[in-house]
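So the chains spell out like this:
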Amino acid sequence: MNEDYTIVGIDFGTSTTVVRVRNYYVDGRSVQTKALLDDFNGRDNFATVILERKNGVRKYGHEADEASGRRLDDGDVVHRNFKVDLISPDVGRRDRAKALTREFLSFVCQKLEGQRYNLELLNTVVAVVSVPAKWPKDVRDFMRRVGVEAGFVADASQVRVVDEPTAASRATLTSHLPDLMKDHVIGLGRYNVMMVDMGAGTTDLAVFKLQIGQQGDMQVDSVVTFPTVDNPNLCGGREIDACLCAHACDAGGEFAVKNRRQVEYIVKKFKENLLSPQLRNNERCLWKDEFFFDRDEFSRLNDIDRKVFEDLTKRHWRDWWNVVGGALSAAHRMIDVGPEDIDLLILTGGHSFWYCAEELFLGKSLGGIAPLPFAKLQAEPCRILTESNRSATVALGLALADAALPFVPTSTNGYALKLSVPGCEASQMRTIVEPSEELPVSRMLEYTLDLAGGEMRSMVPVRVELYCGNQSKSMRLAARTDVEVKTPEHFDPNLPLRMMAVLDANVDVDYGLSAEGAVTALYVENGTLSGNFNVTNIKVNI
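Worth saying up front: this structure is predicted, and the values here are computed from it rather than measured. (Residues numbered from 1 in each chain as written. Predicted model: local features only at pLDDT ≥ 70, side-chain atom pairs only at ≥ 80, totals over all residues. Heavy atoms only, no water.)

Caption draft 1: Main features of the nonpolar core. Core analysis: the biggest nonpolar cluster contains 55 residues, and Met194, Phe309, Trp317, Trp320 and Phe361 have the highest contact counts within it. Contributing elements (two or more residues each) for this core: strand E10 (189-198), strand E11 (203-212), strand E12 (218-226), helix H6 (237-258), helix H7 (260-280), helix H8 (306-335), strand E13 (344-348) and helix H9 (355-361). Here the element with the most residues in this core is H8; it accounts for 11 residues. Grouped together as the second largest cluster of nonpolar side chains are 35 residues, Leu36, Phe82, Val146 and Ala150 included. (Core = buried A, V, L, I, M, F, W, Y, C linked by side-chain atoms within 4.5 Å. Buried < 20%, exposed > 50% of the residue type's maximum accessible area, 1.4 Å probe, protein only. Helix = DSSP H or I, 4+ residues; strand = E, 2+ residues; numbered from the N terminus.)

Structure follows, in structure tokens:
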């Protein structure tokens, strides 16, 4: 665009909706601004909940969520999980979901307008809305229209619809790509990626090809999504909520049954604030809440540790792992990618914080579930990418839609070039790249090798070796090339043979290193000695 503009990234989720904004300027800068807040409690997301009171009053977001956790009057209606019904085969449920979606996003847009100054919104706004990759065209078109109807923009041309795998990839790579490149895990090129979005309503998987370009551009293609729209296995996080709630109600008896709505609400908060993080640290967790679990009716509730949790939720994780296996079967059939071919795993969604997900991918045992051979992930766990705020991953990626990836051409290794003549003791090694030096670089190198005592030869063999590593520890051989240099007619072997490497001379040996420090090219063209005994034939191209 030829003007400054703001991208509003809207991740409309089953249980949580997240909005992030980023400003883009014609001079090439882009600046992440503050997150849109639910001013009811100051959180940087919105509960995707609508509470309809019998007196006609309607509440939204966290206010509706908290109010629905208390006792409701007869005639009050709570609308949750209506996003799932946007693809329902039932026309009535689908139309109702569309009306609720339009109403809820209008509420979010009002919050955006109310915080326009704090968010530093520019005059021109582009709305970028996420959709699951499996959603059909008619539902995508509806989400594009909703961007206008809810008031985010004035025209449908200012609304983009982006698949969740693309958005999640951009967010995670923006955070992790520099470290992955420095550690030589990935660089430029084409990779097989699996994304697992563990939301409250569903777990959605996508296996796809990711191309990372030299200018920081990225492209996602060959996307295989699973489960399909008609698959009954939803495996959303609310299934875990239901397991925990049933366990609490069994212990709470008649009191819990009479107050089940409150138990459901408090179990959900207990899970988010205490249980999930403590189990992730392999700690025992107390069922604690001053209004409920501290009551005598819940005295039979014991501490919960990983074993108890896995026993309570084993069916969910077995079904969840079967969905992962189904995605891999579809990927193998459609794009010839199996578990051993997965280069990167992106875990996103609020329920991806459960420790079980990562441990299954790493090949660890969980309730008798058979592991799958994710060889690369298990050999290098750094290939499993997550964000600290996993529920915001997609929204961040949407806001980054027009930003280049942070291509950081640096090397954590040093590189040295060694020249030697087989059969002679003469050899010299020169450092050509210091650790953490920015690539690419070009070097003018001068070598002097003493060949005194060598026999008269018309061709002098020279071995060129490239080493990489930390000079303070050890260097490893990265590449080796043997060349022969033609000597002049009146060559005196008792004189030193001066060898100079220059960038713009005829090439004898060309070592090409990619920006992340991997040797990518090596070839030889024989050269000749000049009258001043210089070999202007060794080029170091890094």
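Caption draft 2: Inspection of the sheet that holds E10 at higher detail. Taken together, 5 strands build an open sheet; the order of strands is E12-E11-E10-E13-E14 and the sheet is mixed. Of all strands in the sheet, those bounded by a partner on one side alone are E12 and strand E14 (384-385). Where E10 meets E11, 10 bridges bridge the pair, whose relative direction is antiparallel. When the bridges of E11 are listed, Met194 appears paired with Val207. Contacting E10, E11 and E12, H8 runs over the sheet at an angle of about 120° to E12. (Pairing = 2+ DSSP bridges. Contact = heavy atoms within 4.5 Å. Axes fitted to C-alpha atoms, helices over the stretch in contact; angles between N-to-C directions.)

Caption draft 3: Highlighting H7. Its maximal kink placed at Lys271, H7 deviates by approximately 50°. Among the residues of H7, those classed as buried are Gln262, Val263, Tyr265, Ile266, Val267, Lys269, Phe270, Lys271, Leu275, Ser276 and Leu279. In this fold, the buried residues of H7 make contact with helix H1 (61-68), H6, H8 and H9. Within two residues after H7, Asn282 carries a phi angle of roughly 60°, on the positive side. (Bend = angle between axes of the 7 residues up to and from the residue.)

Caption draft 4: Spotlight on the environment of Asp179. Following the sequence through the fold, Asp179 ends up in helix H5 (residues 164-182). Judged by its relative accessible area of 46%, Asp179 falls in the partly exposed class. When the C-alpha positions of Asp179 and Cys382 are compared, they lie 9.6 Å apart, and in sequence the two are 203 residues distant.

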